[in-house]
Protein chains: 2
Amino acid sequence: MSDALLDEFRKVVGAAGLVTDPQRTATYLSDWRGLFTGSALAVLRPASTHDVARVMEICTRANVAVVPQGGNTGLAAGATPVGLSRAIVLSLERMHGIRSLDAAGFTIAVDAGCVLAEVQRAAHDAQRLFPLSLAAEGSAQIGGLIATNAGGTAVLRYGSMRALVLGLEAVLPDGRILDGMRSLRKDNAGYDWKQLFIGSEGTLGVITGAVLRLFPRPRARATALVALACLDDAVALFGMVQEALGETLSACELFSERALALQCAHQPGLERPLAAHPWYLLIEAGSSLPGLREALESALATAMEHETIADAVLAETSTQRDALWRWREAITESERREGPSAKHDVSVAISDIPAFVSEASDAVEAAFPGTRVLAFGHLGDGNIHFNVLLAPGGNTASAQITAVVHHIVARFRGSITAEHGIGRYRRDDLVAHRSQVELALMRAIKSAVDPDGAMNPGALI
Amino acid sequence: MSDALLDEFRKVVGAAGLVTDPQRTATYLSDWRGLFTGSALAVLRPASTHDVARVMEICTRANVAVVPQGGNTGLAAGATPVGLSRAIVLSLERMHGIRSLDAAGFTIAVDAGCVLAEVQRAAHDAQRLFPLSLAAEGSAQIGGLIATNAGGTAVLRYGSMRALVLGLEAVLPDGRILDGMRSLRKDNAGYDWKQLFIGSEGTLGVITGAVLRLFPRPRARATALVALACLDDAVALFGMVQEALGETLSACELFSERALALQCAHQPGLERPLAAHPWYLLIEAGSSLPGLREALESALATAMEHETIADAVLAETSTQRDALWRWREAITESERREGPSAKHDVSVAISDIPAFVSEASDAVEAAFPGTRVLAFGHLGDGNIHFNVLLAPGGNTASAQITAVVHHIVARFRGSITAEHGIGRYRRDDLVAHRSQVELALMRAIKSAVDPDGAMNPGALI
């Protein structure tokens, strides 16, 4: 990198905002899962939207590619500068402020680098709820969560990040600032351009700020773990609890007996919450009204009478609730301890889940002897983490397994990435799994907003 | 129109699909409010997505502009072919089928020409709810409702049309078909192109089908009309009922004493529901849980103790509920009987409503003596229909009033059209009320998707 360019950047972001020391840049150059490592001329850490704009102007002039990066917790390597000869990483971490909170209007305005847990905390302190919740919430930043349209455990009730963004501020590749920091619930004045940036994975510009929706805090919560004989019963139960609990239902998380057994194997001393059955659903509801627990109990009693469920346990205390959630949340860790796996983040229509899981499991385990399917995820969102534990000592390339799984996803008109995004990890798969017309439209959008292809080259498209 | 071109169209859509008789085309050529009348070479009524594609191919080749039209109930003249020398109206009315309904998966797939009331009915018959609801629901079509991102009376709880669309099918200007008829709750595979078409007002392509979300039907409902001394109290009460009723709150509709008095004046014999107070809020909640009515009653009792509300009446029966709603729903009709008005469909942050209404009312009534502000709308959405009754016999041009109102909207970072859209009615206002950077991005999107500018020229941008 020329010293002159370095000096130009330093003038904008200051010494604290320019990182070139390889020991310090290393963490910015690898992805969360450790699958990709890239290189960059420098890591820039601007402290304001105005400074982001000036950095972008310099990069346009000097023909330097820009890879925006939030908390770097993404699972698709969307923020890793791989194979780029002239690129910078643009980290938003110094822009971590909460700009304002409007409790009466149920909104919060934040910088893009604000960490999710901070937003949750600020909302909580104001007697409000910011509902987005996921494992990486202590590191993940709002800008990255918007750029990847993050999901998590509360999508069933509150939607993905797209449903939570009211206003957006972004910097275009040439440095122009798009100021859409509006706190409006409804706004049909022209194309809603912020929708383009939500889920664009840093390929259209840099998100620098957002206005987010807040919600009232539910006062009561009810949680149950239910055992089921088959997935058809799981879908039937989902319909029954939707009818019984309606708008209060906030989670309907699925996992298999294999997932539960894996945890017992890797965490000696852990006691089964229920006798073994093929499938489990973790159901949670929250409400401002009384009678929630009784409504859940009554719905499960009815389901038991109809033999839709085999067994159930309700949490009596918040400690019991946390213990039930642990069975869902610790699956990823137990899977890692068990050995390497081929991971898939797919979605299908909710009613297609039983047929999809059955067909895909049979196909994979027949074609790749010794592999074991580990299926879990968000039943209420139609989102299955269809992971496949590789055969011990076997040498099956996970790409072959993925091809089989994604082929079946396509037959069900599903998605090859429900919530993790495309990034650099699934770029070839995207080309194979969306139609030529859709891909052409995506390329037209990219060219229209980023004509030089300077934004996050190699990611998404 | 050349006979050859006419013949080409007829070969695709058949005799029943081609309308050229001026007596029959008239209704397609004027807008709902009767403000605009245009002309067209013909009205085409294709019966399938494939036929829409073939019509678009012909139009591209023959350099004919296309104005897509649904139920033609829009309030911004977005579907009226004004000032176009070579244009057709493309009506979706023959594509009115329900393709499939998945009760277990809570989705419905429909043709774009399907009327909203039909979708509501089909959902109801399957023990489900399609929540979008607005005055024109007996005529408005799903395609038009998506193209205008329609709002209505249930946005507070269920969101605008954008929040209800899971999958979309559209035909691009050159006739290529975008097939995104997926029933997925989560899908992060590439740019979410359907978001571009939602709210695009027919300027990017023709929407031909959609997969929509369905919901469980609330089993209990509670409705109250509340009288308030000022708008600050209205916003405070909104926060209180949100905290008390949370996710169950489905409507929080605002209107002024002037709106109520106007109805009494134009409908002799109508009895006031409450003694006169400056403002009224119509509050409705729905839930699957019991205890809803008690929770609303208790919240209102607390608000009364705090002197946040002046008076309140709860509906005891569904007849009483309908009567309360009538006070909100009949405002538009009473306004029409009273005389001409300048209408504004604006939004601001919920907490800015009191200051906005106060400032805008003072400014208008001071600058235009004899005018009377009639403010009502969706408080929970920050959406005010800020209409101004013109002075009897006065000659104030409504454009001047609009300029004053929109100037104040801009100071509050609001929107000049919350739910009605831009169409041909607000096109000049859009240019004045969005930044150059935003407008440039909108134009870049338009050029990328419709390079020849053939789609609905003169609308939106």
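Higher on the page you've got the structure.
Every value quoted in this text rests on a predicted model; they were computed, and no experiment measured them. (Residues numbered from 1 in each chain as written. Chains lettered and ligands numbered in written order. Predicted model: local features only at pLDDT ≥ 70, side-chain atom pairs only at ≥ 80, totals over all residues. Heavy atoms only, no water.)

## A word on unusual backbone geometry
- Positive phi values are uncommon outside glycine, yet Asn456(A) reaches one of about 45 degrees.
- In this structure, Gln127(B) takes a positive phi of about 60 degrees despite not being glycine.
- With respect to the element layout, Gln127(B) can be found in the loop between helix 4 (116-125) and strand 7 (128-129).
- In this structure Gln127(B) comes out as partly exposed when scored by relative accessible area, which is 48%. (Helix = DSSP H or I, 4+ residues; strand = E, 2+ residues; numbered from the N terminus. Buried < 20%, exposed > 50% of the residue type's maximum accessible area, 1.4 Å probe, protein only.)

## Some points on the side chain of Lys186(B)
- Structurally, Lys186(B) can be placed in the loop between strand 9 (177-180) and helix 7 (194-197).
- Other than its neighbours up to four places away in sequence, Lys186(B) contacts Gly151(A), Gly152(A), Val155(A), Ser160(A), Ser347(A), His378(A), Asp381(A), Asn383(A), Ser415(A), Ala418(A) and Glu419(A). (Contact = heavy atoms within 4.5 Å.)

## Observations regarding the interface of chain A and chain B
- The partner chain B presents 90 residues to the 90 residues of chain A that form the contact.
- Between chain A and chain B the total buried area reaches about 7,100 Å² when both faces are included, carbon and sulfur atoms providing 57% of it.
- Area buried by chain A at its contact with chain B is led by Lys186(A), Asn188(A) and Tyr191(A), which between them contribute 15% of it.
- Inspection of the region where chain A meets chain B yields 16 salt bridges. (Buried area = accessible area lost by both parts, 1.4 Å probe. Salt bridge = Lys/Arg side-chain N within 4 Å of Asp/Glu carboxyl O.)

## Points about the relation of the copies chain A and chain B
- Overlay of chain A on chain B (RMSD 0.0 Å): rotation 180 degrees, translation along the axis 0.0 Å. Both copies of the chain, as the preceding transformation shows, are related through a two-fold rotation axis. (Least-squares fit on C-alpha atoms with pLDDT ≥ 70 in both.)

## A closer look at the sheet that holds strand 1 (residues 18-19) of chain B
Residues and elements named next belong to chain B.
- Ordered by their spatial adjacency, four strands build an open sheet running 1-2-4-3, and the pairing between neighbours is mixed. Strand pairing shows two members of the sheet lacking a second neighbour, strand 1 and strand 3 (65-69), which therefore form its edges.
- As paired elements, strand 1 and strand 2 (residues 42-44) share two bridges and run antiparallel to each other. Its bridge partner lying in strand 2, Leu18 is registered against Leu44. (Pairing = 2+ DSSP bridges.)

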